[in-house]
Amino acid sequence: MEYDGEQITLSKNAPVISYGEYAQIVLATARRSVDSPPSDQVLVVCEKPDVTLVKTGTWDTLGFRGTCSPGFMLDARTTTSNILGDNYGDISAQTMLPVAHVLWGSAWLGIADAAVTKARKSVQKAARKTPGTPPPSALRLAELMVVHEQLVDTVFGAAAKFEAVSESPAELGAIGFALKINNVKVTASTLVIDIVGKALQICGISGYRQDGEMSIGRHLRDAHGSAIMVSNERILGHNAQLSLVYKGK
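I will try to describe carefully the structure that is included in this document. (Residues numbered from 1 in each chain as written. Predicted model: local features only at pLDDT ≥ 70, side-chain atom pairs only at ≥ 80, totals over all residues. Heavy atoms only, no water.)

## Some points on helix α2 (residues 137-165)
Item 1. Its 29 residues give α2 an end-to-end C-alpha distance of 42 Å, which sits within 8% of 42 Å, the value for a rise of 1.5 Å per residue.
Item 2. By the burial criterion, the buried members of α2 are Ser 137, Leu 141, Leu 144, Val 147, His 148, Leu 151, Val 152, Thr 154, Val 155, Ala 158, Phe 162 and Val 165.
Item 3. Residues of α2 that are buried sit in contact with α1 (88-129), α3 (169-172) and α4 (175-203). (Helix = DSSP H or I, 4+ residues; strand = E, 2+ residues; numbered from the N terminus. Expected span 1.5 Å × (residues − 1). Buried < 20%, exposed > 50% of the residue type's maximum accessible area, 1.4 Å probe, protein only. Contact = heavy atoms within 4.5 Å.)

Set out below in structure tokens:
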């Protein structure tokens, strides 16, 4: 950021701003000043009247099309009062990461729920054709429900854990909590892909088709995006570094 008394200016080439064209506020990370080291980051509240956004890319993706996440050149002019008081490292560890990972996990659970519902309807439809004899797909549905329950437990467990420590900065900033909350994202994104794939196998060609009520196409596309947007490889790499200094407390 550059300062002129109480006025600040910020220019940033952002590869992604989800809903940027529609948001009333953009939260932008920035170096505290021109002379600050890259690690000295703050979070700035950029309100729509103070922001100019020039689109630098498009958002034509296989899945997650609804997030409207093209790149933008952001130019903002605002006041120092819009710089959040806490440093960005604390905000990220104590709020941004846990909220994002629980929220994403919940959204992916919704995708999984919808896919499981379609799979269940497919099995029930097949069962009506052979009263008294469960179709072979019933066993696959039972297996699917086991994996689905793992995702339910992952998401609700993470939400409960975050709520339990939400008033404790020390616990929120602990290495152990960072590892756990990162694992939520990796676990949830892995399970949703598995669940949707199993649901597709149960629904068969009806799930593969795009023109019927059993279609799994959109679920499949979105599910695979979960492991790529904020790559699991990147998160696991970060966890690998944390694990070197984690003492198990």
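## Some words on a nonpolar patch on the surface
Item 1. A grouping of Ile 175, Leu 244 and Val 245 is seen on the molecular surface, where their side chains present a nonpolar patch of about 280 Å² in accessible area.
Item 2. Structurally, Val 245 can be placed in helix α7 (residues 232-245).
Item 3. Relative accessible area serves as the criterion here: at 48%, Val 245 is assigned to the partly exposed category. (Patch = residues over 30% accessible without salt bridge, like charges linked within 9 Å, V, L, I, M, F, W, Y side chains within 5 Å. Areas by Shrake-Rupley, 256 points an atom, 1.4 Å probe, with all protein chains shown as cover. Salt bridge = Lys/Arg side-chain N within 4 Å of Asp/Glu carboxyl O.)

## As for the sheet that holds strand β2 (residues 7-14)
Item 1. Judged by pairing direction, the sheet is antiparallel, and its four strands sit side by side in the order β1-β2-β6-β5 without closing on themselves. The sheet terminates laterally at β1 (2-4) and β5 (51-55), the two strands that pair on one side only. Put simply, the sheet's adjacent strands are angled 15° from each other on average, direction ignored.
Item 2. One ladder, built from three bridges, connects β1 with β2; its direction is antiparallel. In the sheet register, Glu 2 faces β2, and the bridge partner there is Thr 9. (Pairing = 2+ DSSP bridges. Axes fitted to C-alpha atoms, helices over the stretch in contact; angles between N-to-C directions.)

## Section: the pairing of β2
Item 1. The hairpin turn running from β1 into β2, its antiparallel successor, is two residues long, and Gly 5 in that turn takes a positive phi close to 65°.
Item 2. Pairing between β2 and strand β6 (residues 72-79): eight bridges, direction antiparallel. Within the sheet, the bridge partner assigned to Thr 9 lies in β6 and is Arg 77.

## Describing unusual backbone geometry
Item 1. Even without being glycine, Tyr 19 reaches a positive phi, approximately 60°.
Item 2. A residue is classified by how much of its surface remains accessible, and Tyr 19, at 41% relative accessible area, is partly exposed.

## Focus: the pattern of salt bridges
Item 1. Counted by the stated rule, this structure contains six salt bridges.
Item 2. Here Asp 222 makes a salt bridge to Arg 218, at a shortest N to O gap of 3.9 Å. Taken together, the residues span about one helical turn, with Asp 222 and Arg 218 both in helix α6 (residues 217-225) at a distance of four residues.

## Some words on the nonpolar core
Item 1. Membership of the largest hydrophobic core comes to 26 residues, with the highest contact counts inside it found for Ala 119, Leu 144, Leu 151, Val 192, Ile 195 and Val 196.
Item 2. Within the residue set of this core, elements represented by two or more residues are α1, α2 and α4.
Item 3. Apart from the residues lying within four places of it in its own chain, the contact partners of Val 192 are Trp 108, Ile 111, Ala 112, Leu 151, Ala 223 and Ser 226.
Item 4. By size, the runner-up hydrophobic cluster in this structure holds 16 residues, among which are Val 26, Ala 30, Val 44 and Phe 72. (Core = buried A, V, L, I, M, F, W, Y, C linked by side-chain atoms within 4.5 Å.)

## Quick word on the environment of Asp 90
Item 1. Along the chain, Asp 90 turns up in helix α1.
Item 2. For Asp 90, a relative accessible area of 36% gives the class partly exposed.
Item 3. Measuring from C-alpha to C-alpha, the distance between Asp 90 and Ala 76 comes to 23 Å, with 14 residues separating the pair along the chain.

## Some remarks on the packing of α4 against α6
A packed helix pair is summarised by two numbers, namely the angle formed by the two axes and the spacing between the axes.
Item 1. Axis separation between α4 and α6 bottoms out at 9 Å; the angle between their running directions is 160°. With respect to α6, the axis of α4 lies roughly antiparallel. For the crossing formed where α4 meets α6, the hand is left-handed. Contact with α4, carried on its side by Val 192, Ile 193, Val 196 and Leu 200, involves His 219, Leu 220, Ala 223 and His 224 of α6 and no other residues of that element.
Item 2. Here the residues of the contact of α4 with α6 sort into six nonpolar, two polar and no charged. (Parallel < 35°, antiparallel > 145°, perpendicular 65-115°, else oblique. Left-handed = near helix turned anticlockwise from the far one by under 90°. Nonpolar A, V, L, I, M, F, W, Y, C, P; charged D, E, K, R; others polar.)

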